[in-house]
Amino acid sequence: MVIIVILLIALAALLFVGKQKEGNYTKYTKTAGKIEKIYTATGEDKVSYTEYKTDDEVIKKYALWYPEKMKNSDKKCPIVIFANGTGSKSSTYKAFLTHLASWRFIAVGNDDENTRTGESLNKIIDFLIEANSRKESPFYQKLDPERIGIGGHSQGGPAVFNMAGKWSNKDRIKAVYAVSPTSSYHTNVFQVVGFTT
């Protein structure tokens, strides 16, 4: 439930803050509830970023924002994966994903510009499981692959539901959030996974 609340608040803040305020959007967001006030602010963790290039021409790279304290902690971090809107890349959502990482999440995206099937989300989970089990990885035993939340914007909205209903890692998903899902053209794929439009 907390993952959903954090996703809702952080994404709502991004939608209302103009491009010129991107780096400081939390200072301009007004909220009413106690929980919203807490999680709209930036968390206490300093955030680091890394990316891994892939040979996959669709995904291009895995982009990870993570709390710096993770390196020296024995606690595993929950994961939030984000599906891009049409034509967008992970950098489009940098402020949002950085915000999530400041609250001790591993926030992950890629550069898939056509995410609706959910396949690239599944590939991210495969990548994270491998990184979590490889001793040479900076993420070795730092991730919690049983606590994964997924979110998506626009075409990423259908991606979220397709991932949770169709792909091999679907049982790892604990929370979903879709903001401004696209038209029935993109949501017709739900019928493949047992949803109806």
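Preceding this paragraph is the structure being described.
So, here's what we can say about the structure. This structure is a prediction, so every number in the text was calculated from the model and none was measured.

As for the environment of R116
Relative to the helices and strands, R116 resides in the loop between β4 (106-110) and α5 (119-133). Of the residues examined, R116 reaches a relative accessible area of 22% and is grouped as partly exposed.

Here we look at the pairing of β4
With 5 of 5 residues buried, β4 lies mostly within the body of the structure. Note: strand β2 (residues 61-67) against β4, 4 bridges, orientation antiparallel. Bridging across to β4, A63 finds its partner in G109. Pairing geometry for strand β3 (residues 77-83) and β4, over 3 bridges, is parallel. What sits directly across from I81, in β4, is V108. In this region the chain leaves β3, passes through helix α4 (residues 94-102) and returns to the parallel neighbour β4; the handedness of that crossover is right-handed.

A short note on the pattern of salt bridges
Counted by the stated rule, this structure contains 13 salt bridges. Its salt-bridge partner being E44, residue K69 comes within 3.6 Å of it at the nearest N-O pair. Taken as a pair, K69 in the loop between β2 and β3 and E44 in the loop between α3 (34-40) and β1 (47-53) lie far apart in primary sequence, 25 residues in all. Under the relative-accessibility criterion, K69 is labelled partly exposed at 44%. Where K69 meets D45, a salt bridge forms, and the shortest distance between an N and an O atom there is 3.9 Å. With K69 in the loop between β2 and β3 and D45 in the loop between α3 and β1, this residue pair connects regions lying 24 residues apart in the sequence. Here the salt bridges do not stand alone but share partners, grouping E44, D45, K69 and R104 into one network.

Quick notes on the environment of D112
By the element assignment, D112 lies in the loop between β4 and α5. Residue class for D112 comes out buried when judged on its relative accessible area of 5%. Residues D112 and E57 lie 55 residues apart in sequence; the distance between their C-alpha atoms is 8.7 Å. Ignoring anything within four residues of it in the chain, the contact list for D112 reads V58, I59, N84, S88 and S120.

Observations concerning the sheet that holds β2
Taken together, the 6 strands give an open sheet; going across it, the order is β1-β2-β4-β3-β5-β6, and neighbouring strands pair in mixed fashion. The sheet is open, and its two borders are formed by β1 and β6 (173-179), each paired with just one other strand. Each strand of the sheet is rotated relative to its neighbour by a mean of 20 degrees, with strand direction disregarded. Bridge count between strand β5 (residues 143-153) and β6: 6 bridges; the pairing is parallel.

Examining the nonpolar core
In this structure, L64, I79, I81, I106, V108 and L128 are the most contacted members of the largest nonpolar core, which totals 25 residues. For this core, the element with the most residues is α5, which contributes 6 residues. In this structure, I106 is in contact with L64, W65, Y66, P67, M70, C77, P78, I79, V80 and L143, ignoring residues within four places of it in sequence. Counting residues in each nonpolar core, the second largest holds 11 residues, with A63, W65, F82 and F105 among its members.

Points about unusual backbone geometry
Phi at Q141 takes a positive value of approximately 55 degrees, unusual for a residue other than glycine. Take Q141: its relative accessible area is 35%, and that puts it in the partly exposed class. Located in the positive-phi region is S154, a residue other than glycine, with phi close to 55 degrees. Among the secondary structure elements, S154 is positioned in the loop between β5 and α6 (156-166).

A closer look at the packing of aromatic side chains
By the definition in use, this model includes 7 aromatic pairs. On the numbers, 4.7 Å between centres and 50 degrees between planes, the contact of Y49 with W65 is tilted. Taken together, the residues span a long stretch of sequence, with Y49 in strand β1 and W65 in strand β2 at a distance of 16 residues. According to the relative accessible area criterion, W65 is buried, its value standing at 4%. Pairwise contacts between aromatic rings join Y52, Y62 and F127 into one cluster.

Each value, and the rule that gives it
Residues numbered from 1 in each chain as written. Predicted model: local features only at pLDDT ≥ 70, side-chain atom pairs only at ≥ 80, totals over all residues. Heavy atoms only, no water. Helix = DSSP H or I, 4+ residues; strand = E, 2+ residues; numbered from the N terminus. Buried < 20%, exposed > 50% of the residue type's maximum accessible area, 1.4 Å probe, protein only. Pairing = 2+ DSSP bridges. Right-handed = clockwise from strand over helix to strand, strands pointing away. Salt bridge = Lys/Arg side-chain N within 4 Å of Asp/Glu carboxyl O. Contact = heavy atoms within 4.5 Å. Axes fitted to C-alpha atoms, helices over the stretch in contact; angles between N-to-C directions. Core = buried A, V, L, I, M, F, W, Y, C linked by side-chain atoms within 4.5 Å. Phe/Tyr/Trp six-rings, centres within 6.5 Å; stacked < 30°, edge-to-face > 60°.

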